[in-house]
Amino acid sequence: MAYQHDKKIRVRPDAPPRRAVGAFLAAALLVAPQALAQDAAPGNPGVETVPSDASLQALDAAAGATPQGASDSLPAPSAPVAPEAGMASSEAITEAARQNMPNSSVDGFRNGSLPYSEEPSGIMLGTFLLRPALEQGVGYERTKSGDETDTRSFSTTTLRGSLTSDWSRHQLTIDGAGTYERNFSSNDNTEPEVNIGADLRLDLSGETTANLTAGYSLEREDMADPNAVSGAQVQSAVQNYTGGARIQRNFGLIRGTLGATVDRETYGDVKLSDGSELSQSDRNTWTGILTARIGYEISPALIPFVEASGGRVRYDDERDSSGYARSGDLYGGRAGLEFDLGEKLRGEIGLGFDRQTFDDERLKAIDAFAADGAVDWSPRRGTNVNLGLRTAIEPSTTPGESGYISYLASTEITQEVRSNLVARLTGSYEWRDFPTSSSSNQNVYIVGTGLAWNFNRYLALSGDVSYELTTQKNTADTGVTRAGLGLVLRR
């Protein structure tokens, strides 16, 4: 006990020093919470708990404290004890299990750490991010075939958007675009277009991924297409429905992929120049294809592969309007290379063969050398070059002819002139080979250019001009000039 005398504090010799008592109480405050936590933690009954290193250090400090060694100042507040190894928080476990990076918030910020972006912020819908865009424009088209020239002016309304999930595992992406055209003078020769695609990626394990895909497209058949009806006032509307599943598994350095797709293609009636309609239902088909690919990882940037595919094309009508059974089998094979050198260069290229046979013995099989690929190249910052190759066998509607082979090479170059101004240059060449008929080969050339000017994140102005030329021996050349200007509203 202490007592007051002459306004001084005196301490009895047998009483414990005040500073030692303070150190002992501090150590007890450190040890007690941990002891209580250990007693409350689930475990085997009767198992003795061991104090942490921090608790032992606090006890040692309290035992060694003396009046001479103690400081006259008050003890500093102790730092919070770090959790022991292996005792990760639930938040850390959740983040470690994520397969996808989280999306940014609607305003482009998450926890105030992301910088401002010129990209539209989007709209959060639960665990999905929606990025819509609406474009309203006007266009002009001039078609010259031989001595005949046809022009039209029209308005276009395009709605496009993307919907992306923000899940810790798996991902669903839906992209869509639709264009409605209306001529100022008539309703003929309009070219509506719709494209919708969905991809659900399932992260089954660290080495196994599955994808479920679905899609729909609508377009007007090109007047220069070999299967188009000559002299028609309005060509057929072509609809395509697709569905597929693919699973990819890594076996060490081996990459295995197995996939299946089903396509449904339908053709609408053709409106003739006299006002009557011609049915094209005998061109409606179902197509199923099974594809297997095996790749070997030489390095993370280079994976050579071999691929084989097989399937069947079945027409709704056993025989078309000319009496030919055009259902048949499809075969294909590829050998190629996947490469990923970062932002500078990535893509894949494959070379091989395609073959299509027909149930009707009067129709010859079509064999084609195949070249397919897609390459993204960025020679410098702000410049992007996209290259594409595609080979396809297209069936014919002409009696006695099997079809033709389409070889397409395309490129698109984009350049950031300024941070809010992007220039675009496009070009493509398609060679249509008719190996089973006397028809001459057909060549299609397309060149175009355009500009996109972003006023801000939500409003942009776009313009483009293109020219398409179709040539074939003993046939008049067809040239189509197109120009358009539109205002884009994004969110």
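None of the values given here were measured: they were computed from a predicted structure.

A. Local environment of the pattern of salt bridges. This model, assessed by the stated rule, comprises 23 salt bridges. Among the salt bridges present, the one from Asp-329 reaches Arg-312, with a minimum N-O distance of 2.9 Å. With a gap of 17 residues between them, Asp-329 in strand E15 (residues 328–340) and Arg-312 in strand E14 (residues 302–315) connect regions that are remote in the sequence. The exposure class of Asp-329 is partly exposed, given its relative accessible area of 24%. Residue classification places Arg-312 among the partly exposed residues on the basis of a relative accessible area of 35%. Shared partners join several salt bridges into a network, and the residues in it are Glu-141, Arg-152, Glu-181, Glu-468 and Arg-482.

B. Structural view of a nonpolar patch on the surface. A contiguous nonpolar surface patch, about 810 Å² in accessible area, is contributed by Phe-251, Leu-253, Ile-254, Ile-294, Tyr-296, Ile-298, Leu-302, Val-306 and Leu-337. Of all the secondary-structure elements, those providing two or more residues to the nonpolar patch are strand E13 (285–296) and E14.

C. Inspection of the packing of aromatic side chains at higher detail. Applying the stated criterion across every chain, the model contains six aromatic pairs. Pairing Tyr-404 with Phe-434 gives two aromatic rings, centres 5.3 Å apart and planes at 40°, and the pair type is tilted. With Tyr-404 in strand E19 (residues 403–418) and Phe-434 in the loop between strand E20 (421–433) and strand E21 (442–454), this pair connects stretches of sequence that are 30 residues apart. Look at Tyr-429 and Tyr-445: their rings are 5.2 Å apart centre to centre, the planes differ by 35°, and that puts the pair in the tilted class.

D. Broad picture of the pairing of strand E17 (residues 366–380). As judged from the 12 bridges shared by strand E16 (residues 345–356) and E17, these two strands associate in the antiparallel manner. Bridge pairing in E17 links Gly-352 to Ala-370. Relative to strand E18 (residues 383–395), E17 is paired through six bridges, and the arrangement is antiparallel. Bridge pairing in E18 links Trp-377 to Val-385. Remark: two residues form the turn of the hairpin made by E17 and E18, two consecutive strands paired antiparallel; Gly-382 in that turn has positive phi of roughly 95°.

E. Main features of the side chain of Glu-401. With respect to the helices, strands and loops of the structure, Glu-401 is situated in the loop between E18 and E19. Comment: no salt bridge for buried Glu-401; closest opposite-charge side chain is Arg-326, at 7.5 Å. Glu-401 has contacts with Arg-326, Leu-363, Ser-396, Ser-437 and Ser-439, leaving out every residue within four places of it along the chain.

F. Structural detail: unusual backbone geometry. We note that His-170 has phi near 65°; this positive angle belongs to a residue other than glycine. With respect to the helices, strands and loops of the structure, His-170 is situated in the loop between strand E5 (148–165) and strand E6 (171–183).

Conventions we followed
Residues numbered from 1 in each chain as written. Predicted model: local features only at pLDDT ≥ 70, side-chain atom pairs only at ≥ 80, totals over all residues. Heavy atoms only, no water. Salt bridge = Lys/Arg side-chain N within 4 Å of Asp/Glu carboxyl O. Helix = DSSP H or I, 4+ residues; strand = E, 2+ residues; numbered from the N terminus. Buried < 20%, exposed > 50% of the residue type's maximum accessible area, 1.4 Å probe, protein only. Patch = residues over 30% accessible without salt bridge, like charges linked within 9 Å, V, L, I, M, F, W, Y side chains within 5 Å. Areas by Shrake-Rupley, 256 points an atom, 1.4 Å probe, with all protein chains shown as cover. Phe/Tyr/Trp six-rings, centres within 6.5 Å; stacked < 30°, edge-to-face > 60°. Pairing = 2+ DSSP bridges. Lys, Arg positive; Asp, Glu negative; His and termini not counted. Contact = heavy atoms within 4.5 Å.

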